[in-house]
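Each chain, letter by letter, is given below.
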Amino acid sequence: MILPFKIDIISLPVIDDKRGRHRTLLSHPVIKGIYKITSPKNGIYIGLSTDIYYRIYSCYKKMRCKQQYKIYNSLKKYGVENHTFEIIHILDKIDDSELVRELNALEYNYIKEFNSFSDDNYELGLN
């Protein structure tokens, strides 16, 4: 997989399944890493996940991210389908005990690299 890798948000299911990962998501691999969401106005949100496809499906496609008010408002205003979703870093072959620490460090570095922290970049920072 060549990074960054765009995710087709339209192809992810919207069927509610309270038992966890939906059956149709099983055709997508479980990817641990860092993802980037870009709004139509070029605002950037950086996130981390131990299952990126599931996170994008359950939080952003289904609009269950109200506590992340800047990205939520952008998704609501412009529509989820008008945002670009990308995987920008994959962690594989890493011990679970190291995973959370490494994901947090990577997320912090990418937020700085893309200047996406809203306190530093109020107009385009969605973190």
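Note that the structure is a prediction, hence the values are computed from the model and not measured.

Here's the deal with the sheet that holds strand β4 (residues 84–90)
Reasoning step 1: Judged by pairing direction, the sheet is antiparallel, and its 4 strands sit side by side in the order β1-β4-β2-β3 without closing on themselves. The strands lining the two open edges of the sheet, one partner per strand, are β1 (5–7) and β3 (44–49). The sheet shows a mean angle of 30° between the axes of neighbouring strands, direction not considered.
Reasoning step 2: The pairing of strand β2 (residues 33–38) with β3 spans 6 bridges and is antiparallel. From the neighbouring strand, I37 faces β3, where its bridge partner is Y45.
Reasoning step 3: On top of the sheet, helix α1 (residues 52–61) reaches β1, β2, β3 and β4; it is set at about 40° to β2, its chief contact.

Focus: the layout of surface pockets
Reasoning step 1: Here the largest pocket is characterised by a volume of approximately 230 Å³.
Reasoning step 2: If you go around the largest pocket, the residues you meet are S39, K41, G43, Y69, K70, N73, S74, K77, Y78, E123, L124 and L126.
Reasoning step 3: In terms of residue class, the lining of the largest pocket is built from 4 nonpolar, 4 polar and 4 charged.

Some words on the nonpolar core
Reasoning step 1: Ranked by size, the top nonpolar core spans 21 residues in total, and within it I7, I56, Y60 and F85 carry the most contacts.
Reasoning step 2: Of all the elements in the fold, those that place two or more residues in this core are β2, α1, α2 (69–78) and β4.
Reasoning step 3: Sorting elements by how many residues they give to this core places α1 first, with 6 residues.
Reasoning step 4: When near neighbours in sequence (up to four residues on either side) are disregarded, I7 contacts L12, I52, Y53, I56, F85 and I87.
Reasoning step 5: With 11 residues, the next largest nonpolar core counts I34, I88, L99 and L106 among its residues.

Quick notes on the environment of T84
Reasoning step 1: Among the secondary structure elements, T84 is positioned in strand β4.
Reasoning step 2: What makes T84 partly exposed here is its relative accessible area of 27%.
Reasoning step 3: Along the sequence, T84 and K36 sit 48 residues apart, while their C-alpha atoms lie 7.9 Å from each other.

Comments concerning the packing of aromatic side chains
Reasoning step 1: According to the stated counting rule, one finds 5 aromatic pairs in the structure shown.
Reasoning step 2: Plain terms: the ring middles of Y54 and Y57 are 6.1 Å apart, the flat faces sit at 55° to each other, and that makes the pair tilted. In this pair, Y54 and Y57 both sit in helix α1, 3 residues apart, roughly one turn of the helix.
Reasoning step 3: Taken together, a centroid distance of 6.3 Å and an interplanar angle of 20° make the contact between Y110 and F114 stacked.
Reasoning step 4: Classification of F114 by relative accessible area gives partly exposed; the value is 26%.
Reasoning step 5: Feature note: the residues Y35, Y45 and Y60 constitute an aromatic cluster, connected by ring pairs.

Parameters and conventions
- Residues numbered from 1 in each chain as written.
- Predicted model: local features only at pLDDT ≥ 70, side-chain atom pairs only at ≥ 80, totals over all residues.
- Heavy atoms only, no water.
- Pairing = 2+ DSSP bridges.
- Helix = DSSP H or I, 4+ residues; strand = E, 2+ residues; numbered from the N terminus.
- Axes fitted to C-alpha atoms, helices over the stretch in contact; angles between N-to-C directions.
- Contact = heavy atoms within 4.5 Å.
- 1 Å grid on protein atoms, 1.4 Å probe; cavity = no way out; pocket = protein on both sides within 12 Å on 5 of 7 lines; lining within 4 Å.
- Points joined across faces, edges and corners; volume = space filled by probe spheres on them.
- Nonpolar A, V, L, I, M, F, W, Y, C, P; charged D, E, K, R; others polar.
- Core = buried A, V, L, I, M, F, W, Y, C linked by side-chain atoms within 4.5 Å.
- Buried < 20%, exposed > 50% of the residue type's maximum accessible area, 1.4 Å probe, protein only.
- Phe/Tyr/Trp six-rings, centres within 6.5 Å; stacked < 30°, edge-to-face > 60°.

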